[in-house]
Amino acid sequence: MTQTKGVSLKEAPGPQDGAFGGYMRELQRDSLSLFMRMFREYGDIVRFRALGNIYVYMISDPDGIDYMLRRNSQNYARATAHKTFESLLGNEGLLTIDGPSWLRQRRLAQPAFHRQRIAALAPMMTRAAEQTVQRWQEYENRQESFELLHEMMRITLQIVAEALFSIDVTRDADQIGAAFGSTLGYLQHSLSHIMPPLFVPTRRNREYQEARGQLDRFVYKLIAERRNSDEDKGDLLSMFLQARDSDTGEGMSDKQLHDEIMTMLLAGHETTATTLTWAWYLLSQHPESEQRMHEEIESALSGRTPTFEDLPKLTYTRMIIDETMRLYPPTTGVPRTCIADDEICGYRIPARANMVASSYVVHRHPAYWEHPEQFDPERFTPERSADRPQFAYFPFSGGPRQCIGNSFALMEATLVLATIAGRYRVCPLPDNQVIAEQLVTLRPRGGLFVHIEPRS
Ligand code: HEM
C-alpha cells in the first residue's frame, strides 16, 4: 500500500443509509452479523455510520491491518477504544493506557512473560488440569452433567493467579469467577442500553457494585499482604512492587497495582477459558479430528501427564487450538481510534475515526481461507500457512500492542487440552443448542452443558 500525501483521497465504500441513529443498535446487539454483512457487501474496507456523525471504519485487508496495528501503530490509539472497561479495570492498567506510560508498564511486565519463565510454568498448568480431572471423577461416578465454560474458567483463573501473583485461588475461584462474570455481564449490557449512573440504586447497579467491590477487596488484600511481607516471590507482582520511576524514584501506587492486577486476571483467564470451551465443542462435532488428537496424545505421552518438552510432539493438538481461535476468536475485534488523518487501502481515514479490525471476519476471508466455515486444523501446517499474510490470522492482535500473554495462553491451552483429553471425552448434551454470543469474549450463550466419558 502506498501513501499519497496531498492528493485528495476517496471516501471508503459503505451504505448510504442509516439515518441519524445509524447502525448503533445493531452494533451493540449483534456486531458480528453486522460486520460479516458489511464485509460481504463492501469488501476489505467499509465505512458506516454508528450514530450521528460518528463513523466506523472496518478494515479486513491483511495489509491494511498490518499498517494500522504495526507499521503506523503510533497513529492509532487504543485507550479511548477501551473506555467501557475502565469502571472495572481502572484507567492505569496495560489494557487501558497509551503512550509513554503504556510503554513503561509494558517493559516492566515483559520479563514475566519471557520464554524461559513460561516454560517453567508448565508443571503448575498441568497440575491444575490434573486437579480438574480428579474433580471430574465425581461427575463420572454420579453420571452427572455439568457446565463446561465454568470449569474452564476455574482452571484458567487458578493458573493465571498462581503464575503471575503466586496466589492459590482454588477455594475462591468460583466466587471470583462469578464476580467477574457478573461485572462483564453488566458492562456488555451497558453497551446496548442506556444505564442510570452507578449511584442510582437499581438492582443491576447494586449487583454490579457488589461484584466489583468483591473483586476490589480481593485485589487490595493481595497488595496489602505482599507489601507487608516484603518477600520477593520473583513473580509479576514482585516486579511491579520493586519498580521505581526513573525520574521521581517513586514506586507504583496501590491504585496502579490494582488496575494492573485486575487487567491481568481478567485478560489472562476469560480468553483462554473460552478457547478451551470452543475446542471441546468443535472436537465433539468432528469425531475424526478428536480421534486423531487422541492418537497423537497416546503416542506422545503413553498415558502420562504432558510436560513442556512434550509440546513439539503435540502439533495436531496445538493446531486444534489455532483452528478453534480462527473460528471463535475470543476477542472478536481489535478497536483503535485514528489520531491524525491517514490513508488505508487508498481510502481516506479522518482523524478521530473509530477503527476496527475484526478477527472474526478476517478469519473467514475467502481470499485466505478455503471453505472458511469448515473446521480444518491442518490449515495450520507450516506448508499450508506459508503463503498466508500475517494479518489474515490475528487472534492475539499484532504490532506493539499485541497480547503480552500469547505464548502463555497457547502453552496453557495445549497442555490443559492434552491432559484432560488423555482421560476424558467431553460430550455436549444433545439438547444443548449452541449459539455464539459476544459477552466481552465470544462464548456459547448460556454456557455449554456436557457429560464426560472416560477414555479406555
Ligand atoms: C487465548 C487467549 C488470549 C487471547 C485470544 C488474547 C487476545 C488479546 C488481544 C486481542 C489483545 C488486544 C491487543 C490489541 O488491542 O492490539 C490482548 C491484550 C492483552 N492481553 Fe491477551 N489474550 C489471551 C490471553 C492472555 C493471557 C493468558 C494474558 C495474561 C496472562 C493476557 C494478557 C493481556 C494483556 C495484559 C493485554 C494488554 C497488552 C498491552 O496493551 O500491552 N492475554 N489479548
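Procedures and definitions
- Residues numbered from 1 in each chain as written.
- Predicted model: local features only at pLDDT ≥ 70, side-chain atom pairs only at ≥ 80, totals over all residues.
- Heavy atoms only, no water.
- UniProt positions renumbered as here; feature names shortened; annotations may be inferred.
- Near = heavy atom within 4 Å.
- Polar contact = N/O pair within 3.5 Å; in protein donor to acceptor, adjacent residues only side chain to side chain.
- Helix = DSSP H or I, 4+ residues; strand = E, 2+ residues; numbered from the N terminus.
- Nonpolar A, V, L, I, M, F, W, Y, C, P; charged D, E, K, R; others polar.
- Pairing = 2+ DSSP bridges.
- Contact = heavy atoms within 4.5 Å.
- Axes fitted to C-alpha atoms, helices over the stretch in contact; angles between N-to-C directions.
- Donors = N, O, S within 2.8 Å, 3.2 Å for Na, K, Ca; no water.
- Buried < 20%, exposed > 50% of the residue type's maximum accessible area, 1.4 Å probe, protein only.
- Phe/Tyr/Trp six-rings, centres within 6.5 Å; stacked < 30°, edge-to-face > 60°.
- Lys NZ or Arg CZ within 6 Å of the ring centre and 35° of its normal.
- Parallel < 35°, antiparallel > 145°, perpendicular 65-115°, else oblique.
- Expected span 1.5 Å × (residues − 1).
- Bend = angle between axes of the 7 residues up to and from the residue.

In the nomenclature of an unreviewed UniProt entry, the chain corresponds to Cytochrome P450 from the organism Dictyobacter kobayashii. Under the UniProt heading Cofactor (unreviewed entry), the note attached to the chain is "heme".

Asker: Got a sec to walk through the site of the ligand? Specific residues and values, please.
Answerer: The local shell around the ligand holds 28 residues, among which R78, R106, R336, S397 and C403 are the closest. Between W102 and the ligand, the recorded distance is 2.8 Å, taken from a side-chain N or O atom to an oxygen atom. For the ligand, an oxygen atom lies 2.6 Å from a polar atom in the side chain of R336. When residues of the shell around the ligand are traced back to their parent elements, those giving at least two are α4 (99-109), α7 (148-165), α11 (254-267), α12 (270-285), β5 (333-338) and α17 (406-421). Classifying every residue of the shell around the ligand by side-chain character gives 17 nonpolar, seven polar and four charged.

Asker: I'd like to hear about the sheet that holds β5, residue by residue, with values.
Answerer: Strand order in the open sheet formed by five strands is β1-β2-β8-β5-β3, with mixed pairing between adjacent strands. The open sheet has two free edges, formed respectively by β1 (45-51) and β3 (76-77), since each of these has just one partner strand. Strand direction decides the pairing type here: strand β2 (residues 54-59) and strand β8 (residues 354-358), joined by three bridges, are parallel. Across the sheet, residue Y57 finds its bridge partner in β8, namely M355. On the sheet, helix α1 (residues 24-42) packs against β1, β2 and β8 and is oriented at approximately 155° with respect to β1.

Asker: Which residues make up the coordination of the iron atom of the ligand, and what values do they have?
Answerer: Exactly one donor from the protein chain reaches the iron atom of the ligand: C403 (SG), at 2.3 Å. Residue position: C403 is located in the loop between α16 (382-385) and α17.

Asker: Go over the UniProt feature "binding site: heme" (unreviewed entry) in the chain with me, naming the residues and quoting the values.
Answerer: The residues that UniProt annotates with the feature "binding site: heme" (unreviewed entry) are C403. Classification of C403 by relative accessible area gives partly exposed; the value is 32%. If we ignore the near neighbours within four places in the chain, the residues touching C403 are R106 and F396.

Asker: Go over the packing of aromatic side chains, please, and point to the residues and values.
Answerer: Taken as a whole, this structure holds 13 aromatic pairs when the rule is applied. Ring geometry for Y23 and F48: centres 5.8 Å apart, planes at 85°, overall edge-to-face. In this pair, Y23 is assigned in the segment before α1 and F48 in strand β1, connecting sequence segments 25 residues apart. Under the relative-accessibility criterion, F48 is labelled buried at 0%. Seen from their ring centres, Y186 and Y208 are 4.1 Å apart, and the 15° between their planes marks the pair as stacked. A residue pair is termed long-range when its members are at least 10 positions apart, and Y186 in helix α8 (residues 173-192) and Y208 in helix α9 (residues 203-229) qualify at 22 residues. A connected cluster of aromatic rings, assembled from ring pairs, spans W136, Y139, F146 and Y424. Sitting over the face of the ring of Y55, R47 holds its NZ or CZ atom 3.8 Å from the ring centroid. Above the ring of Y360, the side-chain terminus of R364 is found at 3.8 Å from the ring centroid.

Asker: How would you sum up the side chain of T272? Please name residues and give values.
Answerer: Relative to the helices and strands, T272 resides in helix α12. Taking the relative accessible area as the measure of exposure, T272 reaches 5% and is therefore buried. Apart from the residues lying within four places of it in its own chain, the contact partners of T272 are T156, A409, E412 and A413.

Asker: Can you tell me about unusual backbone geometry, naming the residues and giving the values?
Answerer: The phi dihedral of Q143 is positive, around 50°, even though this residue is not glycine. Residue position: Q143 is located in the loop between α6 (122-142) and β4 (146-147). With a phi angle near 55°, C345 is a residue other than glycine that sits in the positive phi range.

Asker: Requested: an account of the sheet that holds β4, with residues and values cited.
Answerer: Pairing is antiparallel in the open sheet, where three strands are placed in the order β4-β12-β9. Single-partner strands in this sheet number two, and they are β4 and β9 (424-428). Two elements, β4 and strand β12 (residues 449-454), share two bridges in a ladder whose sense is antiparallel. When the sheet's bridge partners are listed, E147 is paired in β12 with F449.

Asker: Tell me about the packing of α12 against helix α14 (residues 315-327), residues and numbers included.
Answerer: Running from N to C, α12 and α14 point in directions that differ by 100°, and their axes come no closer than 9 Å. By the angle class used here, α12 and α14 are roughly perpendicular. Two secondary-structure elements touch here, α12 through T275, W278, A279, L282 and L283 and α14 through I320, I321, T324, M325 and L327. For the contact of α12 with α14, the per-class residue count stands at eight nonpolar, two polar and no charged.

Asker: So, α14: which residues are in play, and what are the values?
Answerer: Between the first and last C-alpha of α14 there are 19 Å, a value that for 13 residues agrees with the 18 Å anticipated at 1.5 Å per step. Most of α14 sits out of view: 11 of its 13 residues are buried. Looking only at α14, the buried set comprises Y316, T317, M319, I320, I321, D322, E323, T324, M325, R326 and L327. Packed against the buried residues of α14 are α12, α13 (287-301), α15 (359-362) and α17.

Asker: Any chance you could break down α1 for me, citing the residues and the numbers?
Answerer: For α1, with 19 residues, the first-to-last C-alpha span of 18 Å runs short of the 27 Å given by 1.5 Å per residue. In α1, a bend of some 120° at D30 exceeds every other bend along the element. Regarding α1, the residues found buried are L27, S31, L32, L34, F35, M36, M38 and F39. Where α1 ends, the next residue or the one after it, G43, has phi of about 95°, a positive value.

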